[in-house]
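So you can see what is in the structure, the chains are spelled out below.
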Amino acid sequence: MRVLGINAIFHDPAAALVVDGRIVAAAEEERFSRRKHGKRPVPFSAWEQPVLSARWCLEQAGLRPGDLDLVGFSYDPSLVRPAEAMGLNDPWDHLRIMYAEQAPSLLADALPGLDPAKVRFVPHHVAHAASALLGREGSVLVCDGRGERASHLSGRHSPDGLEILASQELPHSLGLMYEDLTQHLGFLRSSDEYKVMAMASYGKPRHLDLLREAVRATEDGGFVTGTIDWERLAPARAPHEQWTQEHADLAASVQRRLEEVLLDLTRWIHERTGDRTLMIAGGTGLNCVANTVLSEQGPFEHVWVQPAAGDAGTALGAAVHLARTGPLEFAPDLGREFGDAEIEEALRTARVPYERPPDVAEAVAETLADDGIVAWFQGRAEYGPRALGHRSLLAHPGRKANLERLNNVKGREQFRPVAPMVLADRAAEIFTRGPLPSPYMLFVHDVTSAWQDRIPAVVHVDGTARVQTVDPAAEPLVARMLTAFERRTGLPVVVNTSLNTAGRPMVDSPRDALECFGSTPVDLLAIGPFAVRRPS
Ligand SMILES: [Fe+2]
């Protein structure tokens, strides 16, 4: 059974391929097109298909479009109602529906040989749910801005399939509420929500009473999001204006209310399913502060979040849903990989001096211990927005100034934190509160007081850190680098942030890596087994 999954309708277009119960490949279109988030989520762009990532997925399996048994498209236009009927103010929404209806022929045009009759529409939230469940039994919570006519799904997956327990219809949407706030605070909606989450750490939730009236869970497992007069709570901020305490307090209030309502939703699910494990997907699942609250205070013993929780993940979910497999093996390194010969060819073409050290992990640890910044390009690219040790920028966590230094390298705001990667067996002595192990950076943890001064670069203003634990069995090269760094410094922790600069997608190919290295003050590019050093 060969099933291609496609996400194309809002943002983060992506493709994924499942063949005979195995996830062969999955990647966001932005990594190929070099356009952040692939496109803006407006109705006018809904016709664009993730052509480059879809072709690459097929190549990975040596398949032609005509070899596919099914194609899952993660949006079902037959479920949509007119925008006014859904309470949305979008006079062009009908264009999105029209383009979705044409998706089979648009895909057949982009992938010659594909039979358009093989394309199936998979409801958006069912696709999100399948991306989190991956064929496993358990409860699932999906929460995002919007799908066809809903913004949420609570359900349970058993061998009989997915049972939908609750679904909240638009216009009520926790995701759209957070997007509205993102825009009000001067950031790019459907893109910069994580900046609001970071800003919330600087504020006090002093508008909580008002928000508790406007935004609340209902007895049927859904919720209400009433109209919020943002201007009354904090003045709108222009994109390049300095933010104030008022902005941070508003961010903190909405963040806290989001956490409270999500907790109510999870309690409602647990009362009905009694499951031990909750799987999460949908853009709200990228809110790692809320995830920790759910894990710590919620009724489920285990909370698992799909690393590609945003819409990109629905490409994988649509394929998984149609393939109807048993539990799938999953690791997020599902993107492009380049062989040593290809990498060396790119280095020769760029005419940069390079070497092949006996062990690239040791060479990197040495540079990091000397307080150099390293661009780390190894193995397959990550599926989802987090750098998990395959396309990363690394630095010494013991120097507080490295936070500012990395934010300058990336050209991004100084209030943004950078995250630590840590050897899995050392994590519990340094980080508390959030669940461990935490291999995908989807939860925040408290840094113990004994360690706050030892790794100041990765401690956020509220004493937390968004940790990636590294298991040597899953990530042997990264673990070797961390061990080599610890041998030199006594610290089993390295700063890890995504390998890109502000507004650009993550580096994907060797050429992208060289472009990034050439334009930023990075000291060492560790690319495959090779090392490229900046002349001092
Ligand atoms: Fe979504």
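Residues numbered from 1 in each chain as written. Predicted model: local features only at pLDDT ≥ 70, side-chain atom pairs only at ≥ 80, totals over all residues. Heavy atoms only, no water.

A.B. asks: Could you give an account of the overall build of the protein chain, naming the residues involved and the relevant values?
C.D. replies: Helix and strand content of the protein chain: 19 helices and 22 strands. Taken over C-alpha atoms, the radius of gyration comes to 22 Å for the protein chain, in line with the 24 Å a tight globule of 536 residues would show. In the protein chain, 71% of the contacts between residues at least 6 apart in sequence involve partners at least 24 apart. Here the protein chain has roughly 20800 Å² of accessible surface; of this, 49% comes from carbon and sulfur atoms. (Helix = DSSP H or I, 4+ residues; strand = E, 2+ residues; numbered from the N terminus. Rg over C-alpha atoms; globule rule 2.2 N^0.38 Å. Contact = heavy atoms within 4.5 Å. Areas by Shrake-Rupley, 256 points an atom, 1.4 Å probe, with all protein chains shown as cover.)

A.B. asks: Got a sec to walk through the sheet that holds strand β12 (residues 302-305)? Specific residues and values, please.
C.D. replies: Read from one edge of the open sheet, 5 strands run β8-β7-β6-β11-β12, paired in mixed fashion. The sheet terminates laterally at β8 (161-166) and β12, the two strands that pair on one side only. Ignoring strand direction, the axes of neighbouring strands in this sheet form an average angle of 25 degrees. Across 6 bridges, strand β6 (residues 138-143) lies against strand β7 (residues 152-158) in antiparallel orientation. (Pairing = 2+ DSSP bridges. Axes fitted to C-alpha atoms, helices over the stretch in contact; angles between N-to-C directions.)

A.B. asks: Report on the pattern of salt bridges, specifying residues and quantitative values.
C.D. replies: In this structure the tally under the stated criterion is 35 salt bridges. Residues E429 and R426 are paired through a salt bridge, measuring 2.9 Å at the closest nitrogen-oxygen approach. Relative accessible area serves as the criterion here: at 41%, E429 is assigned to the partly exposed category. Among the charged side chains, a network of salt bridges with common partners joins D90, D93, R96 and R146. (Salt bridge = Lys/Arg side-chain N within 4 Å of Asp/Glu carboxyl O. Buried < 20%, exposed > 50% of the residue type's maximum accessible area, 1.4 Å probe, protein only.)

A.B. asks: Go over a nonpolar patch on the surface with me, naming the residues and quoting the values.
C.D. replies: A cluster of nonpolar side chains, namely V42, F44 and W92, defines an oily patch on the protein surface of about 290 Å² accessible area. Tracing the backbone shows W92 in the loop between β4 (70-73) and α3 (93-101). (Patch = residues over 30% accessible without salt bridge, like charges linked within 9 Å, V, L, I, M, F, W, Y side chains within 5 Å.)

A.B. asks: Quick rundown of the sheet that holds strand β16 (residues 431-432)? Include the residues and the values.
C.D. replies: Taken together, the 3 strands give an open sheet; going across it, the order is β16-β17-β18, and neighbouring strands pair in antiparallel fashion. Strands with a single pairing partner mark the edges of an open sheet, and in this sheet they are β16 and β18 (464-466). Sheet analysis places β16 next to strand β17 (residues 444-447), joined by 2 bridges and oriented antiparallel. Considered in β17, the bridge of F431 is made with V447.

A.B. asks: Please set out the packing of helix α6 (residues 174-184) against helix α10 (residues 245-273) residue by residue, giving values where relevant.
C.D. replies: Helix-helix packing is described using two parameters, namely the angle between the two axes and the distance between the axes. One way to put it is that α6 packs onto α10 with a least axis distance of 11 Å and a crossing angle of 175 degrees. Here α10 runs roughly antiparallel to α6, going by the angle between their axes. The residues of α10 that touch α6, namely those facing L174, M177, Y178, L181 and H184, are L250, A251, V254, Q255, L258, V261, L262 and L265. The residue makeup of the contact of α6 with α10, split by class, is 11 nonpolar, 2 polar and no charged. (Parallel < 35°, antiparallel > 145°, perpendicular 65-115°, else oblique. Nonpolar A, V, L, I, M, F, W, Y, C, P; charged D, E, K, R; others polar.)

A.B. asks: So, the pairing of strand β1 (residues 2-7): which residues are in play, and what are the values?
C.D. replies: Burial of β1 is extensive: 5 of the 6 residues sit out of reach of the surface. Pairing geometry for β1 and strand β2 (residues 14-19), over 6 bridges, is antiparallel. Each bridged residue has a counterpart across the sheet, and for N7 the counterpart in β2 is A14. Hairpin connection, β1 to β2: the antiparallel pair is bridged by 6 residues, and D12 has positive phi, about 50 degrees. Across 4 bridges, the pairing between β1 and β4 is parallel. When the bridges of β4 are listed, I6 appears paired with F73.

A.B. asks: Just give me the short version of the nonpolar core, but keep the residues and values in it.
C.D. replies: Across soluble globular proteins, nonpolar side chains have a tendency to be buried as a group. Formed by 87 residues in total, the largest nonpolar core has its most connected members in L174, L262, L316 and Y383. Counting residues per element, this core draws most heavily on α10, which supplies 12 residues. Contacts of L316, omitting those with residues within four sequence positions, involve A16, V18, I23, L134, Q306, F330 and Y383. Residues I343, V364, A369 and V458 belong to the second largest nonpolar core, which totals 60 residues. (Core = buried A, V, L, I, M, F, W, Y, C linked by side-chain atoms within 4.5 Å.)

A.B. asks: Outline unusual backbone geometry, supporting the account with residue identities and numerical values.
C.D. replies: Residue P171 follows L170 across a cis peptide bond; omega there is 10 degrees. Turning to its location among the elements, P171 is positioned in the loop between β8 and α6. A cis amide bond, omega -5 degrees, links L436 with the succeeding residue P437. Mapped onto the elements of the fold, P437 is located in the loop between β16 and β17. Positive phi outside glycine occurs at H37, with the angle close to 60 degrees.

A.B. asks: Hey, could you go over the packing of aromatic side chains for me, with residue numbers and the actual values?
C.D. replies: Per the counting criterion, the structure on display carries 10 aromatic pairs. Between the aromatic rings of F10 and Y75, the centroid separation amounts to 5.6 Å while the plane-to-plane angle is 85 degrees, which identifies the pairing as edge-to-face. One end of the pair, F10, is in the loop between β1 and β2; the other, Y75, is in the loop between β4 and α3, and 65 residues separate them in sequence. We note that F10, like Y75, is buried. Measuring from centroid to centroid gives 6.4 Å for W304 and Y440, while their planes differ by 90 degrees, and the two rings are edge-to-face. (Phe/Tyr/Trp six-rings, centres within 6.5 Å; stacked < 30°, edge-to-face > 60°.)

A.B. asks: Summarise the pairing of strand β11 (residues 277-281); cite the residues concerned and give the values.
C.D. replies: Consecutive side chains along a regular strand alternate between the two faces of the sheet. Burial runs high along β11: 4 of the 5 residues are buried. Relative to β11, β6 runs parallel, the two being bridged by 4 bridges. Bridge pairing links L141 to I280 in β11. A crossover links β11 with its parallel partner β12, the connecting element being helix α11 (residues 288-297), and its sense is right-handed. (Right-handed = clockwise from strand over helix to strand, strands pointing away.)

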